[in-house]
Amino acid sequence: MIGEIIINAFLVTLMLTIAIFIINTRKVISTILLTGTYSLVAALMFVSLDAVDVAFTEASVGAGISTILFLAALSYLPREEKEEKFNVKHIYAICTCTIIAGLLIWASYDLPLVGQLENPVHQNLAQDFIEGSRNHIGIPNVVTSILASYRGYDTFGETVVIYTAGIAVLVLLYDGVSKTSKIYKGKNK
Amino acid sequence: MIDQIFGVWNYWIVFILMMIGLYIVISKKSLLKKIVGLAIFQTSVFLLYITFGKIAGGTAPILTKNIDEIYSNPLPHVLILTAIVVGVATTALGLALTVRINKAYGTINEDEISASDLVEYHKKYLEDNK
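## Structural notes on the overall build of chain B
Argument step 1. Helices and strands together make up the secondary structure of chain B, namely four helices and zero strands.
Argument step 2. Helices (α) and strands (β) of chain B occur, in sequence order from the N terminus, as α-α-α-α.
Argument step 3. Computed over its C-alpha atoms, the radius of gyration of chain B comes to 23 Å, more than 25% above the 14 Å expected for a compact globule of 130 residues.
Argument step 4. The principal-axis extents of the C-alpha atoms in chain B amount to approximately 85 × 35 × 20 Å.

## Brief notes about the confidence of the model for chain B
Argument step 1. Mean pLDDT over chain B stands at 89; residues scoring 70 or higher make up 96%.
Argument step 2. Scoring of the predicted complex yields 0.88 for pTM and 0.90 for ipTM.

## What about the interface of chain A and chain B?
Argument step 1. Between chain A and chain B, the residue contacts involve 82 residues of the former and 69 residues of the latter.
Argument step 2. Of all the elements in the fold, those that place two or more residues in the side of chain A that touches chain B are α1 (2-24), α2 (28-48), α3 (52-74), α4 (88-107), α5 (125-137), α6 (142-150) and α7 (152-172) of chain A.
Argument step 3. Here the side of chain A that touches chain B gets 12 residues from one element, more than from any other, and that element is α3 of chain A.
Argument step 4. Residue classes in the side of chain A that touches chain B are distributed as 55 nonpolar, 16 polar and 11 charged.

## What to know about unusual backbone geometry
Residues and elements named next belong to chain A.
Argument step 1. Even without glycine at this site, Asp 50 takes up a positive phi of about 70 degrees.
Argument step 2. Within the secondary structure, Asp 50 is located in the loop between α2 and α3.
Argument step 3. The class for Asp 50 is buried, based on 25 C-beta atoms found within 10 Å.

## Brief notes about the packing of α5 of chain A against α6 of chain A
Between two packed helices, what matters for the description is the angle formed by their axes and the separation of those axes.
Residue and element names in this part refer to chain A.
Argument step 1. At a closest axis distance of 10 Å, the pairing of α5 and α6 adopts a crossing angle of 80 degrees. Considering the angle they form, α5 stands roughly perpendicular to α6. Where α5 abuts α6, its residues Phe 129, Ile 130, Ser 133 and Ile 137 lie against Val 142, Ser 145, Ile 146, Ser 149 and Tyr 150.
Argument step 2. Partitioned by chemical class, the residues of the contact of α5 with α6 number six nonpolar, three polar and no charged.

## Here we look at the confidence of the model for chain A
Argument step 1. Across chain A, the average pLDDT comes to 87, with 92% of residues at or above 70.
Argument step 2. Highest mean pLDDT in chain A belongs to α2 of chain A (94); lowest belongs to helix α8 (residues 174-188) of chain A (54).

## Remarks on the environment of Ile 40 of chain B
Argument step 1. Inspection of the secondary structure assignment puts Ile 40 of chain B in helix α2 (residues 31-53).
Argument step 2. In the structure, Ile 40 of chain B is positioned 65 residues away from Tyr 105 of chain B in sequence and 27 Å away in space, judged by C-alpha atoms.
Argument step 3. The residues contacting Ile 40 of chain B, other than those within four sequence positions of it, are Ala 19, Ile 22 and Tyr 38 of chain A together with Leu 17, Ile 20, Gly 21 and Ile 24 of chain B.

## A look at the packing of α2 of chain B against helix α3 (residues 74-105) of chain B
All names here are of chain B.
Argument step 1. Orientation of α2 relative to α3, taken along the N-to-C sense of each, is 180 degrees, at an axis distance of 10 Å. As far as their axial angle goes, α3 and α2 are roughly antiparallel. Where α2 abuts α3, its residues Leu 31, Leu 32, Ile 35, Ala 39, Gln 42, Phe 46, Tyr 49, Ile 50, Phe 52 and Gly 53 lie against Pro 76, His 77, Leu 79, Ile 80, Ala 83, Ile 84, Gly 87, Thr 91, Gly 94, Leu 95, Thr 98 and Ile 101.
Argument step 2. Considered class by class, the residues forming the contact of α2 with α3 number 15 nonpolar, seven polar and no charged.

## Observations regarding α4 of chain A
Every α-helix carries 3.6 residues per turn, so stepping three or four residues along brings you back to the same face.
Argument step 1. Over its 20 residues, α4 of chain A runs 29 Å from end to end, which matches the ideal 28 Å to within 8%, given 1.5 Å per residue.
Argument step 2. Where burial is concerned, little of α4 of chain A is hidden: one out of the 20 residues are buried.

Thresholds, definitions, all that
- Residues numbered from 1 in each chain as written.
- Chains lettered and ligands numbered in written order.
- Predicted model: local features only at pLDDT ≥ 70, side-chain atom pairs only at ≥ 80, totals over all residues.
- Helix = DSSP H or I, 4+ residues; strand = E, 2+ residues; numbered from the N terminus.
- Rg over C-alpha atoms; globule rule 2.2 N^0.38 Å.
- pLDDT = per-residue confidence, 0-100.
- Contact = placed C-beta atoms within 7 Å.
- Nonpolar A, V, L, I, M, F, W, Y, C, P; charged D, E, K, R; others polar.
- Buried ≥ 20, exposed ≤ 12 C-beta atoms within 10 Å, placed from the backbone.
- Axes fitted to C-alpha atoms, helices over the stretch in contact; angles between N-to-C directions.
- Parallel < 35°, antiparallel > 145°, perpendicular 65-115°, else oblique.
- Expected span 1.5 Å × (residues − 1).

Take a look at the structure:
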């Protein structure tokens, strides 16, 4: 029990450290690799919080496919960010973020403590879903039965979103595709 | 005592991570860095939801033979599964836009993009008023 808490606190602090390093890196490749590491540590965090399905989705999609997409985009983009002096706009941004963080942390005293069985979130739907998965659907993995059956329309909507995003990416990059094919033709001559 | 501190520790770090993401989105000029900031913000929100679903001493929500087993709440897990996949779709769209902007302007720095927009506008204005 106490070991679980310590592992939790360690992983979440590691995520904080990585995020602070991401702010100041100027080489784009190290930004991308640090973001991948951040996602991977988040996946470990999900395992320690009992969300195994979320953990392997985050590890494969968040840490894997996102990183590949960033690296693919990097091949068209400048490798390094322009250097920028610390100016008054940064001070405004820091002030805004500090104020919002202060308000959120103040509000966190009204949130229930992590991991209590009496928390309001555990009172209503979860028990019905677990019983229903055992008695009506017959799949041992409760997350799968909710995803595909109880909230099937959600999953359908998600598929539509991905389809739309795919079409939009193709439309945006069409010019690039024709350009590379022109280079290809030029080489053939 | 130690339970009290670690009971809110996760929330605090998650809020600070959110604000780091927001800071990157506001203050960095590179469009690619802004997308990274959004990704950080997103993952911290996922972490907040999963933290809500945790029950101390529970197991992952996969049914066992034991009737009295305590399972963590599966509903936040399902919501976040959907959100992760949609998040990758938005990242891909943002990156495609960035690549397109780089092709049109030759830069992904915010200031240089608005400067070259301004130059275009003034050229057009002078031509119209000849």
